[in-house]
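As a plain string of letters, each chain reads:
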Amino acid sequence: MKTLVFATNNPHKLKEIKAKVGDSFEIKSLKDIDVSEDIPEPYETLEKNAFNKARCIHEKYGYDCFADDTGLEIDELNGRPGVYSARYAGPQCHFQDNINRVLREMEGETNRSARFRCVIALILNGQEHQFEGAVEGKILTEEHGSEGFGYDPVFQPGGYDQSFAEMPLEIKNKISHRGKAVAKLTAFLKVKAKQK
Ligand code: IMP
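Let me begin by describing the structure that accompanies this report. These numbers come from a predicted model, not from an experiment. (Residues numbered from 1 in each chain as written. Predicted model: local features only at pLDDT ≥ 70, side-chain atom pairs only at ≥ 80, totals over all residues. Heavy atoms only, no water.)

### Quick notes on the side chain of threonine 186
Thought 1: Here threonine 186 is to be found in helix H5 (residues 177-195).
Thought 2: Apart from the residues within four sequence positions on either side, threonine 186 is in contact with Lys20 and Val21. (Helix = DSSP H or I, 4+ residues; strand = E, 2+ residues; numbered from the N terminus. Contact = heavy atoms within 4.5 Å.)

The structure is reproduced here in structure tokens:
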């Protein structure tokens, strides 16, 4: 079975991907290939950061690989926090600080539309491919729910009356930005595995 490195050490993401493509490719994390370096995300777009991570692993270690980058884009804030979602309140900040900053900046705003966008960059057999998933929704005026992570308590997807943090994980994974991008990646990989 062909090996594909997922440029992450996030165990939740790894588990989700393995469950979906585990029968067509052997998925390895950075830890599995003994890479402990933190690959930087210095660029101003999700696409550039995702490809930078994938190219780093491919060029340095020779593996076929993929990497992802996600951002919460709030229309009233001109797309912020966007590519800075993980560190919106500062370099060492906690998720709660990021939520607090978003709630503060959105205080009193009536246009609360926002989306999560996830970009996956894949390098396979020397060729680059990109997959994207997005979920439209709105920023709540206060936190709801305690499941999930990141901005989940303040993001409510369109067509639902619960925040991501109030939803069962199976539902979130089906409709989420990452769920949609991963579904596109896995469909592509299944076709490629049959062509081998
Ligand atoms: P990453 O690129 O997947 O590490 O995501 C960057 C940041 O976006 C994370 O640190 C979170 O703050 C936020 N984020 C990504 N995915 C989600 C999600 O599904 N729910 C809430 N926040 C998320």
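### Some remarks on the pattern of salt bridges
Thought 1: This model, assessed by the stated rule, comprises 16 salt bridges.
Thought 2: Close ionic contact of lysine 13 with aspartate 68 constitutes a salt bridge, the shortest N to O distance being 3.1 Å. A residue pair is termed long-range when its members are at least 10 positions apart, and lysine 13 in helix H1 (residues 11-21) and aspartate 68 in strand S3 (residues 65-74) qualify at 55 residues. Both residues of the pair, lysine 13 and aspartate 68, belong to the buried class.
Thought 3: The salt bridge involving arginine 117 is made with glutamate 132; its shortest N-O contact spans 3.2 Å. A residue pair is termed long-range when its members are at least 10 positions apart, and arginine 117 in strand S5 (residues 113-124) and glutamate 132 in strand S6 (residues 127-139) qualify at 15 residues. (Salt bridge = Lys/Arg side-chain N within 4 Å of Asp/Glu carboxyl O. Buried < 20%, exposed > 50% of the residue type's maximum accessible area, 1.4 Å probe, protein only.)

### Concerning the site of the ligand
Thought 1: The environment of the ligand is made up of 14 residues, and the closest members are Lys13, Asp69, Thr70, Asp152 and Lys172.
Thought 2: Contact between the ligand and lysine 13: an oxygen atom at 2.8 Å from a side-chain N or O atom of the residue.
Thought 3: One nitrogen or oxygen atom from the main chain of threonine 70 is found 2.9 Å from an oxygen atom belonging to the ligand.
Thought 4: About the coverage of the ligand: the protein hides 90% of its 470 Å² of free accessible area.
Thought 5: Of all the secondary-structure elements, those providing two or more residues to the shell around the ligand are S3 and H5.
Thought 6: Grouping the amino acids of the shell around the ligand by side-chain chemistry returns five nonpolar, four polar and five charged. (Near = heavy atom within 4 Å. Polar contact = N/O pair within 3.5 Å; in protein donor to acceptor, adjacent residues only side chain to side chain. Areas by Shrake-Rupley, 256 points an atom, 1.4 Å probe, with all protein chains shown as cover. Nonpolar A, V, L, I, M, F, W, Y, C, P; charged D, E, K, R; others polar.)

### What about the side chain of aspartate 68?
Thought 1: Classification of aspartate 68 by relative accessible area gives buried; the value is 4%.
Thought 2: In this structure the side chain of aspartate 68 is engaged in a polar contact, spanning 3.1 Å, whose partner is the side chain of lysine 13.
Thought 3: Not counting residues up to four positions away in its chain, the partners in contact with aspartate 68 are Phe6, Lys13, Ala50, Lys53, Cys118, Val119, Ile120 and Arg178.

### Regarding the environment of valine 154
Thought 1: Counting through the fold element by element, valine 154 comes out in the loop between S6 and strand S7 (155-157).
Thought 2: The class of valine 154 is buried, set by a relative accessible area of 0%.
Thought 3: Taking the C-alpha atoms as reference, valine 154 lies 8.0 Å from alanine 165; in sequence the two are 11 residues apart.
Thought 4: Not counting the four nearest positions on each side in its chain, valine 154 is found in contact with Ile99, Leu103, Lys138, Ile139, Leu140, Glu142 and Glu143.

### Description of the state of the cysteines
Thought 1: The final tally for this structure, using the stated rule, is zero disulfides.
Thought 2: As a non-bridged cysteine, cysteine 56 has cysteine 65 as the owner of its nearest cysteine sulfur, 9.2 Å distant.
Thought 3: The thiol sulfur of cysteine 118 is not disulfide-bonded, and the nearest other cysteine sulfur, from cysteine 65, lies at 15 Å. (Disulfide = S-S within 2.5 Å.)

### Regarding the packing of aromatic side chains
Thought 1: Applying the stated criterion across every chain, the model contains six aromatic pairs.
Thought 2: On the basis of an interplanar angle of 45 degrees and a centroid distance of 5.2 Å, the ring pair of phenylalanine 155 and phenylalanine 164 is categorised as tilted.
Thought 3: With relative accessibility at 0%, the residue phenylalanine 155 sits in the buried group.
Thought 4: A relative accessible area of 1% places phenylalanine 164 in the buried class.
Thought 5: Clustering of aromatic rings is evident, with ring pairs tying together Phe116, Phe155 and Phe164.
Thought 6: Positioned over the ring face of tyrosine 88 is arginine 101, at 3.9 Å from the centre of the ring. (Phe/Tyr/Trp six-rings, centres within 6.5 Å; stacked < 30°, edge-to-face > 60°. Lys NZ or Arg CZ within 6 Å of the ring centre and 35° of its normal.)

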